[in-house]
Amino acid sequence: MAHSELFLQIIDRFIELYGDRTGGRGHAIRGGLAWIQDTKVILLAEGSKLQHPSSWRRLSRLLSLAQQLRRPVLLWHLPFQIATTASQGASLVIRNTIQNSKLQLLQLPLPIISVFDESSRVPLEYELAMVDGAVLVQSQPQANSMGDNLPFILKISSCPSTLKSKILELLNQISAIPVETLVHHRMNRVRKIVDLSD
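Figured I'd write up the structure that's included with this text. (Residues numbered from 1 in each chain as written. Predicted model: local features only at pLDDT ≥ 70, side-chain atom pairs only at ≥ 80, totals over all residues. Heavy atoms only, no water.)

Digging into the overall build of the protein chain
How we decide: Secondary structure elements are taken from DSSP: a helix is a run of H or I of four residues or more, a strand is a run of E of two residues or more, and numbering for both begins at the N terminus. Residue contacts follow a heavy-atom distance rule, with two residues in contact if any of their heavy atoms lie within 4.5 Å. Per-residue and other accessible areas follow the Shrake-Rupley method at a 1.4 Å probe size, with only the shown protein chains counted as cover for residues.
Tallying secondary structure elements over the protein chain gives seven helices and seven strands in all. Secondary structure elements of the protein chain occur, N-terminal to C-terminal, as α-β-β-β-α-β-α-α-β-α-β-β-α-α. Sequence-distant contacts in the protein chain: of pairs separated by 6 or more residues, those separated by 24 or more amount to 61%. A total accessible area of about 9600 Å² is found for the protein chain, and carbon and sulfur atoms account for 51% of it.

Encoded structure:
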């Protein structure tokens with residue numbers, strides 16, 4: 001089952017939103033208002049490769065909407081690092097848009113969680129550094145490789161049937177943390193990864 005189809009089984013209600021549609025609809029992202037039981041989130045899910053400015057503008061608008069509505073953000077298999085690597089030969093406009101969207105995400109004063117599964121071919125260390133917690137769908141639990149000195153909450157869901165409860169548990173846990181602390185830890189995790197890559 002495609003990643004973008006799995007989230008439709010987990011959420012209880014979804015209203016897909018588009019933006020200004022300048023230069024396209026931003027098909028690489030599926031996003032909008034979502035409900036998991038009574039919990040309201042802004043959902044951003046991978047539709048295809050994030051290589052067009054319209055998709056990044058859509059992502060940015062949805063992050064702005066999350067901030068306006070004060071809703072936590074749920075990223076569903078949205079690989080920022082792969083998109084960034086793929087954009088290295090792209091135009092300055094695309095690279096600039098990607099940088100601005102990533103910075104907006106890092107500085108967002110709201111809880112951000114992500115969902116990935118073991119079949120994803122993404123370097124999770126970078127992806128997980130940009131969020132406050134994650135649910136990994138995998139058959140065999142693995143150790144948290146984020147490091148003890150950089151707080152991060154990781155939940156393991158052994159099968160899709162436990163995914164909804166793990167997401168809700170994670171959102172409740174992270175929502176209790178002050179947003180200033182969340183943003184501070186995100187910045188520190190990304191900074192540490194950038195320092196290691198130099």
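Description of the nonpolar core
It is characteristic of soluble globular proteins that their nonpolar side chains tend to be buried jointly. To keep it simple, the criterion reads: Joining through side-chain atoms within 4.5 Å is the link that ties buried Ala, Val, Leu, Ile, Met, Phe, Trp, Tyr and Cys residues into a set, and such a set is a nonpolar core. Think of it in three bands: residues with accessible area under 20% of the maximum for their type are buried, residues over 50% are exposed, and the middle band is partly exposed, with areas taken using a 1.4 Å probe on protein chains only.
Grouped together as the largest cluster of nonpolar side chains are 29 residues, with contacts concentrated most on Leu44, Leu63, Val73, Leu75 and Ile112. Of all the elements, helix H2 (residues 53-69) adds the most residues to this core, at five residues. Setting aside chain neighbours within four positions, we find Leu44 in contact with Ile29, Arg30, Gly31, Leu59, Leu62, Leu63, Val73, Leu74, Leu75, Trp76 and Leu78. Among the nonpolar cores identified, the runner-up in size contains 23 residues, and Ile10, Val41, Ile167 and Ile174 belong to it.

As for helix H4 (residues 92-106)
Applicable threshold: Multiply 1.5 Å by the residue count of a helix minus one, and that product is the helix's expected span.
The end-to-end C-alpha distance of H4 is 21 Å, a good match for the 21 Å that 15 residues give at a rise of 1.5 Å each. Taken as a whole, H4 has its buried residues at Ile94, Thr97, Ile98, Ser101, Lys102, Gln104, Leu105 and Leu106.

A look at the pairing of strand E5 (residues 112-117)
How we decide: Whether two strands pair comes down to DSSP finding at least two bridges between them.
Taken across its six residues, E5 has six buried, putting it largely inside the fold. Because side chains alternate across E5, one face comprises the buried residues Ile112, Ser114 and Phe116, and the other comprises Ile113, Val115 and Asp117, equally buried. Here four bridges tie strand E4 (residues 73-76) to E5, and the two strands are oriented parallel to one another. Bridge pairing in E5 links Leu75 to Ser114. As judged from the five bridges shared by E5 and strand E6 (residues 133-137), these two strands associate in the parallel manner. Looking across to E6, one finds that Asp117 is bridged to Val137.

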